[in-house]
Amino acid sequence: MAVDLSRRGYRVQRWAARGALTATALAVATPLVYGGLRGLLLLVCGIAGLGLSAAAVWWTLTLRGPLRWGAALIAVCVPAGLVALFAATLFWALVVSLALWGLAVWSGRFALRGTGSERAATRERRLPPPRRPVLIMNPRSGGGKVGRFRLREKAERMGARVVLLEPGKQHDVTELARAAVADGADLLGAAGGDGTQALVAAVAAEHDIPFLVISAGTRNHFALDLGLDRGNPAACLDALTDGVELRVDLGFAGGQPFVNNASFGAYAAIVQSPTYRDDKIGTSLDMLPDLLSGQQGPRLVARAGDTTLTAPQAVLVSNNPYRTGDPFGLGRRERLDSAVLGVLGVRLEGAVGAAALLLNPDPSGLTILTASEVVIEANRPEIEAGVDGEAMVLPAPVRCRIAPGALRVRVPRKRPGVTKAPPRMDWRRLRKLAATVGRTAAPSRLHRPYSAPDAPPEPPRPDAPHEGLGPGEPTAPAGPRSAHQ
């Protein structure tokens, strides 16, 4: 007798969803049942303590003198005291509750596999190795990674021409990249920080030739999201001989390209200070009180589709959205080819707003959305910006846009960071999956596998070469999509 594996597998997923919801309920109930009224009081104290801690962080950032240090002491001591109180009072119930939470997350992600929660992997293409690659290397980036990993020597052995930026001398990286293309380069690469990567990438996109990322900078977030080995930048050079090509998006803030993000507001103003590089913490603490209170810096207005953010303290526009629902994935992008910008705006009104940001599941002070275009306006003719970590001053208004699939990135075929991202923990989808019964839950010829009706469709990805996608040319809008979280 034949066995319907798809029907059986779906039944397992349905019961896994029910197990996840049950484990979640038990994780909440265990400390309350064990502690009784005391457990309920501890829960109330925990919520109040979290709110007080958030308010204390706000006071630390906006006050000066002894009041600031007192607020900082509260921000540190209150969470530590709560942890000690819960551990001393609940004993094993706290351990059991944490274990149940872990079980709920594991079971929930198992249940959501194959239900439309996963993101499709970026398509890879096998192409012949480049014949005339040119790599631009900054020997100062990342504390001297170019020299420490002997990147120049390895690249030249593999047939690449290396343009080494001389320390202490000003270089126009964009002009160097364009000169390399004019000389016949069929691949451009950059070993340096994300700011250098973006400049060279824009030239590669403009001429529709592959771009090679060498993770020789300090952080290299772009390399991280591409799955490259940031600890060994020499491994990135393997793409010259054993590589695949990806089509990814490229962002622009005005005429400035960015591979990661462009920030406006408090952080952008701080990085303009000449003392920031040598004393990041001191400079930030000195400038933040005036910036967060609105006494210093421009008054911003951000427009993304039908959404308008008025007077935000900070706006972050990213080349594809960052993860926000998964605490283990914060700062990472699930993909680089979704054809939309990620927008994160923060507008807090005092300590109450800071506490609401932590305690409220839908805080009014935090706006998260996606759009194909974002316009940043100000009450000044120029706006301070941080574009891939580089301090810039751009003429207002600043139009941020995304060029879908504009960049051909050549990466090693084997990359350590390429792993299949687990499904998002979507509790609404889990409840629907757990509630389905009988034949309506199982896939068949008459019933399609479960898929949430509100799941957004994957945007089409272009595979044909892109033309006319230079920094000064507009792209077709992908259509704004917004969602407040």
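This is a predicted model, so every value here is computed, not measured. (Residues numbered from 1 in each chain as written. Predicted model: local features only at pLDDT ≥ 70, side-chain atom pairs only at ≥ 80, totals over all residues. Heavy atoms only, no water.)

Student: Hey, could you run me through the pairing of strand β4 (residues 187-191) in this one?
Tutor: The side chains of a regular strand alternate between the sheet's two faces. Within β4, five of the five residues are buried, which leaves it mostly tucked inside the rest of the structure. Covered by surrounding structure in β4 are L187, G189 and A191 together with L188 and A190, the residues of both alternating faces. Bridge count for strand β2 (residues 133-137) against β4 is five bridges, and the pairing is parallel. Its bridge partner lying in β4, I136 is registered against A190. (Buried < 20%, exposed > 50% of the residue type's maximum accessible area, 1.4 Å probe, protein only. Helix = DSSP H or I, 4+ residues; strand = E, 2+ residues; numbered from the N terminus. Pairing = 2+ DSSP bridges.)

Student: Please clarify how the confidence of the model for the protein chain should be interpreted in this entry.
Tutor: Atom-level detail of predicted coordinates should not be read off regions where pLDDT is low. Averaged over all residues, the pLDDT of the protein chain equals 84, while 84% of them reach at least 70. Confidence drops under pLDDT 50 across residues 1-5; counting only partners more than four residues distant or on other chains, this segment forms one contact. Every residue in residues 438-485 scores below 50 in pLDDT, and together they form 97 contacts with partners more than four places removed in sequence or on other chains. (pLDDT = per-residue confidence, 0-100. Contact = heavy atoms within 4.5 Å.)

Student: When you look at a nonpolar patch on the surface in this model, what are you seeing that I'm missing?
Tutor: Together, L37, L40, L41, L43, V44, I47, L50, L358 and L359 give the surface a local cluster of nonpolar side chains, amounting to about 820 Å² of exposed area. Counting residues per element, the ones that place at least two in the nonpolar patch are α2 (37-62) and α12 (350-359). A per-element tally of the nonpolar patch places α2 first, with seven residues. For L40, the location among the structural elements is in helix α2. (Patch = residues over 30% accessible without salt bridge, like charges linked within 9 Å, V, L, I, M, F, W, Y side chains within 5 Å. Areas by Shrake-Rupley, 256 points an atom, 1.4 Å probe, with all protein chains shown as cover. Salt bridge = Lys/Arg side-chain N within 4 Å of Asp/Glu carboxyl O.)

Student: Is there a simple way to explain the nonpolar core in this structure?
Tutor: The tendency in soluble globular proteins is for nonpolar side chains to be buried side by side. Counting 54 residues, the largest nonpolar core has L188 and F222 as the members making the most contacts within it. Among the elements that line this core, the one with the most residues is helix α8 (residues 194-206), at seven residues. What L188 contacts, discounting residues up to four positions off in sequence, is V134, A177, A180, V181, V200, V203, A204, I209, P210, F211 and L212. Core analysis: the second largest hydrophobic core is formed by 24 residues, F258, L300, A304 and M392 among them. (Core = buried A, V, L, I, M, F, W, Y, C linked by side-chain atoms within 4.5 Å.)

Student: Would you mind showing me how to read α12 here?
Tutor: An α-helical segment advances 3.6 residues per turn. Residues three or four places apart therefore align on the same side. Turning to α12, its buried residues are A351, G353, A354 and A355. Residues of α12 that are buried sit in contact with α2.

Student: Is there a simple way to explain the pattern of salt bridges in this structure?
Tutor: Pairing between side chains of opposite charge can happen when the charged atoms of each approach one another. Counted according to the given criterion, the structure contains 19 salt bridges. The partner of R64 in a salt bridge is D290, with the nearest N and O atoms 3.6 Å apart. Taken as a pair, R64 in the loop between α2 and α3 (66-90) and D290 in helix α11 (residues 280-292) lie far apart in primary sequence, 226 residues in all. With a relative accessible area of 22%, D290 lands in the partly exposed category. Here R415 and E124 are joined by a salt bridge, their closest N and O atoms 3.2 Å apart. Within this pair, whereas R415 is found in the loop between β17 (398-412) and α13 (427-435), its partner E124 is found in strand β1 (residues 124-125), the two being separated by 291 residues in sequence. Using a relative accessible area of 12% as the deciding quantity, one classes R415 as buried. By relative accessible area, E124 is classed as partly exposed at 39%. Look at the salt bridges and you will find they share partners, linking R125, D208, E245, R247 and R408 into a network.

Student: I tried to follow the side chain of N138 on my own but got confused; where do I start?
Tutor: Mapped onto the secondary structure, N138 falls in the loop between β2 and α5 (145-148). N138 has contacts with V146, L165 and A191, leaving out every residue within four places of it along the chain.

Student: Quick question: what am I supposed to make of unusual backbone geometry here?
Tutor: Most peptide bonds adopt trans geometry, and most residues besides glycine take a negative phi value. For the peptide bond that leads from A396 to P397, omega is -5 degrees, which places it in the cis range. In this fold, P397 is placed in the loop between β16 (390-395) and β17. The residue A339 is not glycine, and still its phi comes out positive at about 65 degrees. Within the secondary structure, A339 is located in the loop between β11 (314-319) and β12 (341-346). With a phi close to 50 degrees, D388 is a non-glycine residue in the positive phi region. Structurally, D388 is set in the loop between β15 (382-387) and β16.

Student: What is the right way to look at the packing of aromatic side chains in this model?
Tutor: Two aromatic rings are characterised by how far apart their centres lie and by the angle between their planes. Applying the stated criterion across every chain, the model contains two aromatic pairs. Both rings, one in Y34 and one in W92, keep their centres 5.0 Å apart while their planes meet at 75 degrees; by these two values the pair is edge-to-face. Here Y34, found in helix α1 (residues 5-35), pairs with W92, found in helix α4 (residues 92-112); they are 58 residues apart in sequence, far enough to count as distant. Judged by its relative accessible area of 31%, Y34 falls in the partly exposed class. An angle of 15 degrees between the planes, with centres 5.9 Å apart, marks the rings of W106 and F110 as stacked. With W106 and F110 both in helix α4 and four residues apart, the pair spans about one turn of that helix. The exposure class of F110 is partly exposed, given its relative accessible area of 27%. Sitting over the ring of Y276, K280 keeps its end group 5.5 Å from the ring centre. (Phe/Tyr/Trp six-rings, centres within 6.5 Å; stacked < 30°, edge-to-face > 60°. Lys NZ or Arg CZ within 6 Å of the ring centre and 35° of its normal.)

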